[in-house]
Amino acid sequence: MDPKKPVFTYEGPFFIDLLTMLGNYLKMMTSSHQAIQKKLFRIFVELTQNVSNYSEEYLQIHQDNKKVGIGELRVAEDQNFFLLTTQNLVRSHDANVLSQRCEIINQTPGEQLKDLKRELRKSSTGYMLGARIGLVQARLISMNPLDYTIFEKNKDYSYFKLTVKFDKDGEY
């Protein structure tokens, strides 16, 4: 049996109003873990915005001509940690770039990660800025390596799954 119990799971369009409701539920369900609650919520916001803004599978909202990304979200709890997972469709080329970035981020020590984040802020403009900084932010805040998987859908598209672990032992 899987020792991680789900706090919640969701699959579908990442509407801002829905994410706000899920974020409030996340705060309520983690209220007994104050130190982790803030960290988990910050990364919840980062990663769900990435899915909403950058997923290649989306709903077109006609009145605004706005796109809302479709993906999956899961928060699970274990005796020693919480896991936050998102998954969404990306172009296969972007999946490879995200994979390389995760590897670089995972291999970079903490202080250098802060420098990397500053550099990304200065050098990045426009598309994918949030996704790039969000990955660094997830690693910095969680203090754990990014766990990612790529599932090929076809030659043009893949699913990018990202899991961030938040240890409970750092609480006070």
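The coordinates are above.
Now for a look at the structure at hand. (Residues numbered from 1 in each chain as written. Predicted model: local features only at pLDDT ≥ 70, side-chain atom pairs only at ≥ 80, totals over all residues. Heavy atoms only, no water.)

**Some words on the nonpolar core**
Stage number 1. Of all hydrophobic cores here, the largest spans 34 residues; its most connected members are Phe-8, Ile-43, Leu-84, Leu-146, Leu-162, Val-164 and Phe-166.
Stage number 2. Take this core: its biggest share by element is six residues, from helix α2 (residues 34-54). (Core = buried A, V, L, I, M, F, W, Y, C linked by side-chain atoms within 4.5 Å. Buried < 20%, exposed > 50% of the residue type's maximum accessible area, 1.4 Å probe, protein only. Helix = DSSP H or I, 4+ residues; strand = E, 2+ residues; numbered from the N terminus.)

**As for the pairing of strand β4 (residues 81-91)**
Stage number 1. For β4, the buried fraction is high: 10 of the 11 residues fall into the buried class.
Stage number 2. Across seven bridges, the pairing between strand β3 (residues 66-77) and β4 is antiparallel. Paired with Leu-73 across the bridge in β4 is Thr-86.
Stage number 3. Count of turn residues in the β3/β4 antiparallel hairpin: three residues.
Stage number 4. Taken together, the 11 bridges between β4 and strand β6 (residues 157-167) define a ladder with antiparallel strand orientation. Looking across to β6, one finds that Val-90 is bridged to Ser-158. (Pairing = 2+ DSSP bridges.)

**Considerations on unusual backbone geometry**
Stage number 1. Even without being glycine, Met-143 reaches a positive phi, approximately 60°.
Stage number 2. Along the chain, Met-143 falls in the loop between α5 (129-142) and β5 (147-152).

**Regarding the pattern of salt bridges**
Stage number 1. According to the stated counting rule, one finds six salt bridges in the structure shown.
Stage number 2. Here Lys-5 makes a salt bridge to Glu-77, at a shortest N to O gap of 3.9 Å. With a gap of 72 residues between them, Lys-5 in strand β1 (residues 5-13) and Glu-77 in strand β3 connect regions that are remote in the sequence.
Stage number 3. Across the pair Glu-56 and Arg-91 runs a salt bridge, and its minimum N-O distance is 3.6 Å. One end of the pair, Glu-56, is in the loop between α2 and β2 (58-61); the other, Arg-91, is in strand β4, and 35 residues separate them in sequence.
Stage number 4. In the salt-bridge network here, residues are joined through shared partners; they are Lys-5, Glu-77 and Lys-168. (Salt bridge = Lys/Arg side-chain N within 4 Å of Asp/Glu carboxyl O.)

**Regarding the packing of aromatic side chains**
Stage number 1. Per the counting criterion, the structure on display carries four aromatic pairs.
Stage number 2. Taken together, a centroid distance of 5.9 Å and an interplanar angle of 55° make the contact between Tyr-10 and Phe-14 tilted.
Stage number 3. The buried category is assigned to Phe-14, whose relative accessible area is 0%.
Stage number 4. Lying over the aromatic face of Phe-81, Lys-165 brings its terminal NZ or CZ to 4.7 Å of the ring centre. (Phe/Tyr/Trp six-rings, centres within 6.5 Å; stacked < 30°, edge-to-face > 60°. Lys NZ or Arg CZ within 6 Å of the ring centre and 35° of its normal.)

**Structural notes on the side chain of Asn-88**
Stage number 1. Examined against the element boundaries, Asn-88 turns out to sit in strand β4.
Stage number 2. Since its relative accessible area comes to 9%, Asn-88 is described here as buried.
Stage number 3. Excluding its chain neighbours within four sequence positions, the residues that come into contact with Asn-88 are Val-51, Tyr-54, Ser-55, Ile-70, Gly-71, Ser-158, Tyr-159 and Phe-160. (Contact = heavy atoms within 4.5 Å.)

**Some remarks on the pairing of β2**
Stage number 1. Here four bridges tie β2 to β3, and the two strands are oriented antiparallel to one another. Paired with Ile-61 across the two strands is Lys-66, which belongs to β3.
Stage number 2. A loop of four residues connects β2 with β3, the two strands running antiparallel in sequence, and Asn-65 in this loop sits at a positive phi of about 55°.

**Quick notes on the packing of helix α1 (residues 16-29) against α2**
When two helices pack together, you describe them by how their axes are tilted relative to each other and by the distance separating the axes.
Stage number 1. Relative orientation of the contacting elements α1 and α2 amounts to 160°, with a least axis distance of 10 Å. The angle between α1 and α2 places the two elements in the roughly antiparallel class. Our pair here, α1 against α2, has a crossing hand that is right-handed. Contact with α1, carried on its side by Ile-16, Leu-19, Leu-22, Gly-23, Leu-26, Lys-27 and Met-28, involves Gln-37, Leu-40, Phe-41, Phe-44, Thr-48 and Ser-52 of α2 and no other residues of that element.
Stage number 2. Each residue belonging to the contact of α1 with α2 can be placed in one class, and the counts come to eight nonpolar, four polar and one charged. (Axes fitted to C-alpha atoms, helices over the stretch in contact; angles between N-to-C directions. Parallel < 35°, antiparallel > 145°, perpendicular 65-115°, else oblique. Left-handed = near helix turned anticlockwise from the far one by under 90°. Nonpolar A, V, L, I, M, F, W, Y, C, P; charged D, E, K, R; others polar.)

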